[in-house]
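# Descriptive structure summary
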Amino acid sequence: MDTKDATNERTRKNEREEDSFSDDDVAVHSVRFKRKKIDAGEQGQASAAGGASDNGVTTAASGAGATAGKGSGLYLDTIRRYMLDFDFEKVCSVSLSNLNVYACLVCGKYFQGRGTTSHAYFHSLHENHHVYINLNTLKVYVLPDSYEVTDTSLDDIKYVLDPRFTHAQVKALDKNSGQSFDLNRKPYIPGFIGLNNIKSNDYVNVVIQVLAHIPPIRDYFMLQKFDDRSELVRRFGTLVRKIWNPSAFKGQVSPHELLQEISNASNRQFKLTEQSDPLAFLSWFLNTLHKDLGGTRKKGSSIIYSTFQGELSIETQPIDPKAVKGADLTFNSDSAITKTKSPFLFLALELPPPPLFHDELEKNIIPQIPLTTILSKYDGKTLQESVADLKKFQITRLPNYIILHIKRFSKNSFAKEKNPTIVTFPIKNLSMAEFVADPEKEKVLGLQYDLLANITHEGDPSIPNTTSYKVHLQHRAKEQWHQIQDLFVEEINAQMIFLSESYIQIWERKTPN
């Protein structure tokens, strides 16, 4: 029996145990339940006699009294939705177990089980909190009587806990321009909501925001069920659906559950309490998702590879030890050239060294360079010098979504340094024609790309706790760009994007008309 089967068996066993009352328990609960039904019936009769309005409309109290009973629940009016937060680790607040956990819909706390010896049972007696939802099955129960409640008024809670979308709803996401409102009537835009920075997880937040806006990734994780996949896959899918939830209780989401699983799955390489590199995290996350989704080394073997994977042609020749230092780099026609092809998920782009000294007039000038200039690394002509080799790179297969990594950081003997050079680029219609080996072949699928996301870095990496990451994303329906930094979401002029220090960019292929 594997781990998943064992966990399911333990859950079923716990459910059987907590549903098995003694004869005395059944008698006590039956008397208590009947007494409440009698009281509710008397209240309903009194309300029916005197609760009708002048125009004959029955009041809410009389309606509740008339329909109260097993299946509808006597305590639904005690639910406090503003206390509910389903984004945190689903473990019992007392035992810390993650098996058979229920949320109290009055105070929002989590408790294990609902049997007569369970923490939820005692909480219902001590605190007089009676309505609980199973965080796995989404079934709602009244405790301590332990009967299930089926009422349509609970549907919004179930949806917030586990949002689900139809194909038609997902297809319409990029066409909807309307706002939603949370419980406090505060407006928010589904898909453009903040993620809580619990400690130092802004590097994770920007990556999650980006992936949640890449249509094939977003749509796949919103529509698929992952019952047989890893916990990392399931939690990421849930978070993506919550980001796009149009019926949220709060206009923000905490990634706490996913962060806990990321820490576990990466052997604490990526933590909540220490800021890390979003590129390193993105690389690990995409490869881990690919593996957990059953992906192999084959092209298109997972949604990750079919979305991001391209192919490079690499020509390599050892550097001639007799070559004159400082001379122009060229391949030696007398030496062999090794040609290989390699798949890629990222394209790394080097920035030229910034000026070391400035005169008085130039001290405030920040160097700039066009994106196409640093992309020339992949034109198949420009030579790149590595430790002992000369290399030429050229793209032989373009992916539908290109991830560009602008290499800003370097380390010296003392500290980490950042190159402040500004990269200029078009928002739309970036042509990749001069960087592919066969433009005519790629022209069928498209040679032009539009910017989809731009992750930027701010601050001095040599000074601890002074740096931060932001992301720029476009609302497609309104063609309005937004800047998101953790919980802060604001509209931004497209021209302002060029002024930031871009670190990671995602470009989307345009399909020819």
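As a starting point, this report considers the structure included with it. (Residues numbered from 1 in each chain as written. Predicted model: local features only at pLDDT ≥ 70, side-chain atom pairs only at ≥ 80, totals over all residues. Heavy atoms only, no water.)

## Quick look at the overall build of the chain
Stated formally: The numbering of helices and of strands both runs from the N terminus, where a helix is a DSSP run of H or I of at least 4 residues and a strand a run of E of at least 2. Each residue's exposure class comes from its accessible area (1.4 Å probe, protein chains only) as a fraction of the maximum for that residue type: buried when under 20%, exposed when over 50%, partly exposed otherwise. Here, two residues are considered to be in contact whenever any of their heavy atoms come within 4.5 Å of each other. The Shrake-Rupley method, run with a 1.4 Å probe sphere, supplies the accessible areas, and residue values consider only the shown protein chains as cover.
Along the backbone of the chain there are 14 helices and 25 strands. Looking at the chain as a whole, 45% of its 513 residues qualify as buried. Pairs at least 24 apart in sequence give 67% of the contacts found in the chain among residues at least 6 apart. By element, 50% of the accessible surface of the chain is carried by carbon and sulfur atoms, the whole surface being about 26,600 Å².

## Observations regarding the pattern of salt bridges
Note the following rule: Salt bridge, as used here, is a side-chain nitrogen of Lys or Arg placed within 4 Å of a carboxyl oxygen of Asp or Glu.
On inspection of all chains with the given rule, the structure shows 21 salt bridges. As a salt-bridge pair, Asp-162 and Arg-164 come within 3.3 Å of each other at their nearest N and O atoms. On the accessibility criterion, Arg-164 (36% relative accessible area) is partly exposed. Across the pair Asp-162 and Arg-241 runs a salt bridge, and its minimum N-O distance is 2.9 Å. Here Arg-241 lies in helix H9 (residues 231-243) and Asp-162 lies in the loop between helix H5 (155-161) and helix H6 (167-171), a separation of 79 residues in the sequence. Here Asp-162 falls in the partly exposed class, since its relative accessible area comes to 23%. Overlapping salt bridges bring together Asp-174, Arg-218, Asp-219, Arg-476 and Glu-508 as one network.

## Regarding the pairing of strand S24 (residues 488-492)
Formally: In this analysis, strands are considered paired if DSSP registers two or more bridges between them.
Across 5 bridges, strand S23 (residues 480-485) lies against S24 in antiparallel orientation. Paired with Trp-481 across the strands is Ile-492, a residue of S24. As consecutive antiparallel partners, S23 and S24 are separated by 2 residues, and within that stretch Asp-486 has a phi angle of approximately 55°, a positive value.

## A few points about H9
The cut-off we apply is this: Here, expected helix span is obtained from the residue count minus one, scaled by 1.5 Å.
Over its 13 residues, H9 runs 18 Å from end to end, which matches the ideal 18 Å to within 8%, given 1.5 Å per residue. Of all the 13 residues making up H9, 11 are buried; the element is thus mostly covered by neighbouring parts of the structure. By the burial criterion, the buried members of H9 are Leu-232, Val-233, Arg-235, Phe-236, Gly-237, Thr-238, Leu-239, Val-240, Arg-241, Lys-242 and Ile-243.

## Description of helix H7 (residues 202-211)
Within H7, 10 of the 10 residues are buried, which leaves it mostly tucked inside the rest of the structure. Among all positions of H7, only Asp-202, Tyr-203, Val-204, Asn-205, Val-206, Val-207, Ile-208, Gln-209, Val-210 and Leu-211 are buried.

## A short note on the environment of Trp-507
Under the convention used in this document: In protein, a polar contact means a hydrogen-donor-capable atom and an acceptor-capable atom, both N or O and within 3.5 Å, with residues adjacent in sequence counting only if both atoms are side-chain atoms; elsewhere, any N or O pair within 3.5 Å suffices.
Along the chain, the position of Trp-507 falls in strand S25 (residues 502-509). Separated by 105 residues in sequence, Trp-507 and Ile-402 place their C-alpha atoms 5.1 Å apart. Here the side chain of Trp-507 touches Gln-505 through a polar contact of 3.0 Å, side chain to side chain.

## Focus on the packing of aromatic side chains
Formally: Classification of ring pairs uses Phe, Tyr and Trp, with its six-membered ring standing for Trp, and accepts pairs whose centres are within 6.5 Å; under 30 degrees between planes counts as stacked, over 60 as edge-to-face, and the remaining range as tilted. Only when the NZ of Lys or the CZ of Arg is both within 6 Å of the ring centre and within 35 degrees of the ring normal is a charge said to sit over the ring.
The tally for this structure, following the rule as stated, stands at 21 aromatic pairs. Members of the aromatic cluster, each reached through a chain of ring pairs, are Tyr-203, Tyr-220, Phe-221, Phe-226, Phe-236, Phe-270, Phe-281, Trp-284 and Phe-285. The ring of Phe-409 carries the charged tip of Lys-416 above its face, separated from the ring centre by 4.7 Å.

## A short note on the side chain of Ser-97
Locating Ser-97 in the fold gives a position in the loop between helix H3 (60-67) and strand S1 (101-104). With relative accessibility at 17%, the residue Ser-97 sits in the buried group.

## Digging into the sheet that holds strand S10 (residues 310-318)
Spatially, S11-S10-S15-S14 is the arrangement adopted by the 4 strands of the open sheet, whose pairing is antiparallel. Whereas interior strands pair on both sides, the edge strands pair on one side only; in this sheet they are strand S11 (338-344) and strand S14 (384-385). Summarising the sheet, S10 and S11 pair through 7 bridges and their orientation is antiparallel. Looking at the pairing, Glu-311 lines up with Pro-343 of S11.

## Thoughts on a nonpolar patch on the surface
Here is the rule we go by: Exposure above 30% relative accessible area and no salt bridge define the residues that can form patches, which grow by joining like charges within 9 Å and nonpolar side chains of Val, Leu, Ile, Met, Phe, Trp and Tyr within 5 Å.
Together, Tyr-82, Met-83 and Leu-183 make up a nonpolar patch on the protein surface, roughly 290 Å² of accessible area in all. If you trace the backbone, Leu-183 turns up in the loop between strand S6 (180-181) and strand S7 (187-188).

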